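Given next are the chains, with one letter for each unit.
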Amino acid sequence: MPRATRSRSLRLHVVWHARLDAGAEYARSIYDWFRGDPGDLARCGTGIPVEYHVGDADGVEWTDFAPDCLHVVVLLVDDGFVLERALRAAVRSLGGRGNVVLVPVALHPAAFDLDGPMASRNFLRIDLASEVPGPASVERRCGRLRRLLTHLVARMVARTDAGTHAAGFAPFDPHEPPRKLSIFVSHAKFDGRDEAARLRMAILAHGQLDAFFDESDIAVGSDWERALNDAAKRGSGAMLVLLTSAYASRRWCVRELRMARRPQRVAPGVYSVVPVRALDALSGAESPLLAELAGVPIQRPGGGADGGDAVIDALVRDVVLQAYWAELADRFRRAHEGPAPFVALTCVPDARLIAEVFAAEGLMPSRRCRFAFAGTAVAEETVGDWQRLFPRAEFVALESLETGS
Amino acid sequence: MSAAARRLDGKWIGISVSEPSEVGVHGGKRHAKESARPAAGVGIEHVREAIVRLTRTLLRAGANLAYGGDLRPDGFTRVLFAVARDEAQRSDVKWTQRLAGYLAWPADETLTRDERARLIHLSRMVTIRPAGLDKLGVLPAALAPHERQHWAGISLATMRAAMQRGGRKDDDGDVMPPLDARVVVGGKLTGYSGFMPGILEEAALALEAEVPLFVFGGFGGAAGLLGRLLAGEAGAEEFVHRRRDELKQRAIPESDAFPPPADLLGRLLKVAQKKRPWRALRTGLGEAEVQRMCTTRDVSAICRIARDGLAAALDRDGGP
């Protein structure tokens, strides 16, 4: 089978029948998660575009399926969907396009009996037999749908080779499946061993993820570095820091973190870091704040059954978003005109990361350049600080490049 | 931020953004109404994203924003305040009242002293209460529902005209300037509060004042209809029928629908019937660019067109 062409962008579509009451809730859940909840001003509009399509007896009015983009079409298949001939025909018309991936979600047992392009697909199953239908079950289903979809899209980002260009997006080839996304659990053995083992089990329970940490999986030193670097270059690596009281005082922990946060060139002039999130497991003892954690989201595991699942889900989404931003940055780089070089970092930077990108590009701090970064919530004062260190750099958020502001 | 990026410094832009009638909020759950499909690809989240990013873009470009509306919990005014607060916090330039809120009776009664105090550095406030209301000799609370609806309509029409033309005093006693330009997105075509859809009324006032009018119709609603009218895709009949149906549904005789909106309606229809209707918008954009402006759902493109188009149009006109 020929290798699938990798698309330079990604777009999600959610399709449902007009009679599906919860359709818009599922769609909103996907929108808020991938594109950014409009109520969250720091994330609003920064992620992957999501479009809605409501079908009925007149079929569906599709939007433009741009050819240079991979379109993931999520079909919410309930009884209304199954019974609506026009809607089935509209979906059938998408079959055979190389840049369209159909992802049916079974909301009714009859969904599995559909013919056409949906027949050969693996359905996403978000129902538990034991669940009583109602508003609470819709909310839980939304959570499962988000998780399954995030894992699916993450596998479209990851690839089997460690190329030198931004990964792009491709429907994964069942004959050459990409490696699973690897999450490295960075922890201090002194006070985090048990919790790290529990986290590892939680990661493995997600089904589509691999988990490893330095005690049993890889030898300390260069092998570990290579494993993490390779995973980062394939767009399939992420790190979960278990932030215990001893963590900041352990040399190896800090080194692991620094390694993960070292900018990697994913395309000419475009740099990514391994997505990192931290779980707050501080015991109450004093612990210094690590400079390496600047900009890293820290959260507490939710109570009850959560057990760190929320942070794992967010970490997998970070991998997808980084790939999306790398492609976006690469697009701006190619369109960039003028003598000053264009460089980009696909996360919110700090002065150390900026300096590392400058060094990797062979730029002196006094050199003029346009430096693009992901994130919209950086204060002007912070940008002013960077400006003092890199006086001729023009710092601009990727979102501002999109809107021209 | 560089001086070049603040090309709209000191300009007052009227911004009319609300959810189009095709997508709605019902029972706390947002969903597309079955009877009126949303524009392809669009749900309420897309409109909300457009609101956030468009207001942020204009504020970062230095513009002052004027808006008319109430303070309902889930409404646009709240989003505008949230974005403005966020921008004020991230900005290293001191913020002084870069918003102007026009509150028409009875929405003016919803602004508490506590809330006004919290908004003092963000927004000027102008309250509009029609003079005739106090001369009635009855307390507003004693008005029959249809009378209340009638006075609310008059109040909104007065407020929209005052916002466009300037001259009203804010609650500090300072006189408000006229608007330099108007931007419209979405907007209700049914179930609106005045005598005609607010976005259409405000668009007509901008045309009357001969200031640049930017119509982003990609999300449907009143701006969508206006965009289709300008593109010749919708006839004047659709426009008139929709308004007549709505007035009928709300049991408002057309003769009671306050004279100015009727004139404004005529103005819009006159523009729509012109050979090159887009020229009346004074955006400085060519036909193809206007077409893109009227139809795009790409929020980044909307922000770019609004920011660059406004800067070019206002530079050309020399401002107020």
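Predicted model, so just to flag it, every value in this text is computed and none were measured.

**Digging into the overall build of chain A**
- Counting its secondary structure elements, chain A contains eleven helices and 15 strands.
- Counting only residues that meet the buried cut, chain A has 57% of its 405 residues in that class.
- Considering only intrachain contacts with a sequence separation of at least 6, the fraction spanning at least 24 residues in chain A is 71%.
- Approximately 17,200 Å² of chain A is accessible, and the part contributed by carbon and sulfur atoms is 51%.

**Some points on the overall build of chain B**
- Along chain B, the regular secondary structure elements total eleven helices and eight strands.
- Accessible surface computed for chain B: about 13,400 Å², of which carbon and sulfur atoms make up 50%.

**Structural notes on the sheet that holds strand β15 (residues 393-397) of chain A**
Residue and element names in this part refer to chain A.
- Ordered in space as β9-β10-β13-β14-β15, the five strands form an open sheet in which the pairing is mixed. Unpaired on one side and paired on the other, β9 (264-267) and β15 mark the two borders of the sheet. When the angles between neighbouring strand axes are averaged without regard to direction, this sheet yields 30°.
- Judged from the five bridges that link them, strand β14 (residues 369-373) and β15 form a sheet pairing that is parallel. The residue of β15 that forms the bridge with Phe373 is Ala397.
- Packing against the sheet, helix α8 (residues 309-335) makes contact with β9, β10 (270-272) and β13 (342-345), and its axis sits at approximately 165° to β10.

**Remarks on the nonpolar core**
- B:Leu58, B:Leu65, B:Val215, B:Phe216 and B:Met293 are the most contacted members of the largest nonpolar core, which totals 80 residues.
- With eight residues, helix α11 (residues 299-317) of chain B is the largest single contributor of residues to this core.
- The residues touching B:Val215, leaving out its near neighbours within four places in the chain, are B:Val184, B:Ala223, B:Leu226, B:Gly227, B:Leu230, B:Leu281, B:Met293 and B:Cys294.
- Core analysis: the second largest hydrophobic core is formed by 76 residues, A:Trp33, A:Phe169, A:Leu321 and A:Ala329 among them.

**Regarding the environment of A:Val276**
All names here are of chain A.
- Looking at the element boundaries, Val276 is found in strand β11 (residues 276-280).
- Take Val276: its relative accessible area is 6%, and that puts it in the buried class.
- Between the C-alpha atoms of Val276 and Leu315, which are 39 residues apart in sequence, the distance is 7.1 Å.
- Discounting chain neighbours no more than four positions away, the residues touching Val276 are Met239, Val241, Leu257, Ala260, Arg261, Val296, Pro297 and Leu315.

**A look at helix α1 (residues 44-60) of chain B**
Residues and elements named next belong to chain B.
- The terminal C-alpha atoms of α1 lie 24 Å apart, and with 17 residues this matches the ideal 24 Å at 1.5 Å per residue to within 8%.
- The element α1 is largely enclosed, with a buried count of 17 among its 17 residues.
- Phi for Gly62, located one or two positions after α1, is positive at around 100°.

**Focus on the packing of α1(B) against helix α2 (residues 76-90) of chain B**
Residue and element names in this part refer to chain B.
- For the pair α1 and α2, interaxial distance at closest approach is 10 Å and the crossing angle is 45°. For the element pair α1 / α2, the angle class is oblique. The handedness of the crossing between α1 and α2 is right-handed. Along the contact surface, α1 presents Ile51, Val52, Thr55, Arg56, Leu59 and Arg60, while α2 presents Phe76, Val79, Leu80, Val83, Ala84, Asp86, Glu87 and Arg90.

**Focus: the side chain of A:Arg261**
All names here are of chain A.
- On the secondary structure map, Arg261 appears in the loop between α7 (251-260) and β9.
- Salt bridges are absent for the buried Arg261, whose nearest opposite-charge side chain, Asp350, sits at 4.4 Å.
- At 2.7 Å, the side chain of Arg261 forms a polar contact with the backbone oxygen of Ala294.
- With residues near it in sequence (within four places) discarded, Arg261 still touches Val273, Val276, Glu292, Ala294, Val296, Asp350, Arg352 and Leu353.

**Here we look at the interface of chain B and chain A**
- If you look at the interface, chain B gives 33 residues, while chain A gives 35 residues.
- With both chains or domains summed, chain B and chain A bury close to 2,900 Å², and 49% of this area falls on carbon and sulfur atoms.
- Where chain B packs against chain A, one counts five salt bridges.
- Here B:Glu49 ties to A:Arg35 by a salt bridge, and the two come within 2.8 Å at their closest N and O atoms.
- Residue assignment for the side of chain B that touches chain A shows that the elements contributing at least two residues are β3 (29-32), α1, α2 and α11 of chain B.
- The biggest single contributor to the side of chain B that touches chain A is α1(B), with nine residues.
- Of the residues in the side of chain B that touches chain A, the class split is nine nonpolar, seven polar and 17 charged.

**Considering the packing of aromatic side chains**
All names here are of chain A.
- Counted by the stated rule, this structure contains eleven aromatic pairs over all chains.
- With a centroid separation of 6.3 Å and an interplanar angle of 10°, the aromatic rings of Phe358 and Phe371 are classed as stacked. Placement of the pair is Phe358 in helix α9 (residues 351-360) and Phe371 in strand β14, with a sequence separation of 13 residues.
- With relative accessibility at 2%, the residue Phe358 sits in the buried group.

**Some points on the confidence of the model for chain A**
- Averaged over every residue, the pLDDT of chain A is 84; the share at 70 or more is 85%.
- Within chain A, helix α6 (residues 222-233) of chain A has the poorest average pLDDT of any element, 63, and β13(A) the best, 96.

**Some thoughts on the sheet that holds strand β3 (residues 69-77) of chain A**
Residues and elements named next belong to chain A.
- Pairing is parallel across the open sheet formed by five strands, whose spatial order is β2-β1-β3-β4-β5. Across the chains shown, the open sheet's two edge strands, defined by having one partner strand only, are β2 (50-55) and β5 (124-125).
- Inspection of the sheet shows strand β1 (residues 9-17) paired to β3 by seven bridges, in the parallel sense. For Arg11, the partnering residue across the bridge sits in β3 and is His71.

**With respect to the packing of helix α6 (residues 198-209) of chain B against helix α7 (residues 221-230) of chain B**
All names here are of chain B.
- The geometry of α6 relative to α7 is characterised by a closest axis approach of 8 Å and an angle of 50° between their N-to-C directions. Compared by their axis directions, α6 and α7 come out oblique. Residues Ile199, Leu200 and Ala203 of α6 pack against Ala222, Ala223 and Leu226 of α7.

**Overview of the environment of A:Ser366**
- With respect to the element layout, A:Ser366 can be found in the loop between α9 and β14.
- A:Ser366 sits 26 residues away from A:Arg392 along the chain, and the two C-alpha atoms are 6.0 Å apart.

Criteria and thresholds
- Residues numbered from 1 in each chain as written.
- Chains lettered and ligands numbered in written order.
- Predicted model: local features only at pLDDT ≥ 70, side-chain atom pairs only at ≥ 80, totals over all residues.
- Heavy atoms only, no water.
- Helix = DSSP H or I, 4+ residues; strand = E, 2+ residues; numbered from the N terminus.
- Buried < 20%, exposed > 50% of the residue type's maximum accessible area, 1.4 Å probe, protein only.
- Contact = heavy atoms within 4.5 Å.
- Areas by Shrake-Rupley, 256 points an atom, 1.4 Å probe, with all protein chains shown as cover.
- Pairing = 2+ DSSP bridges.
- Axes fitted to C-alpha atoms, helices over the stretch in contact; angles between N-to-C directions.
- Core = buried A, V, L, I, M, F, W, Y, C linked by side-chain atoms within 4.5 Å.
- Expected span 1.5 Å × (residues − 1).
- Parallel < 35°, antiparallel > 145°, perpendicular 65-115°, else oblique.
- Left-handed = near helix turned anticlockwise from the far one by under 90°.
- Lys, Arg positive; Asp, Glu negative; His and termini not counted.
- Salt bridge = Lys/Arg side-chain N within 4 Å of Asp/Glu carboxyl O.
- Polar contact = N/O pair within 3.5 Å; in protein donor to acceptor, adjacent residues only side chain to side chain.
- Buried area = accessible area lost by both parts, 1.4 Å probe.
- Nonpolar A, V, L, I, M, F, W, Y, C, P; charged D, E, K, R; others polar.
- Phe/Tyr/Trp six-rings, centres within 6.5 Å; stacked < 30°, edge-to-face > 60°.
- pLDDT = per-residue confidence, 0-100.

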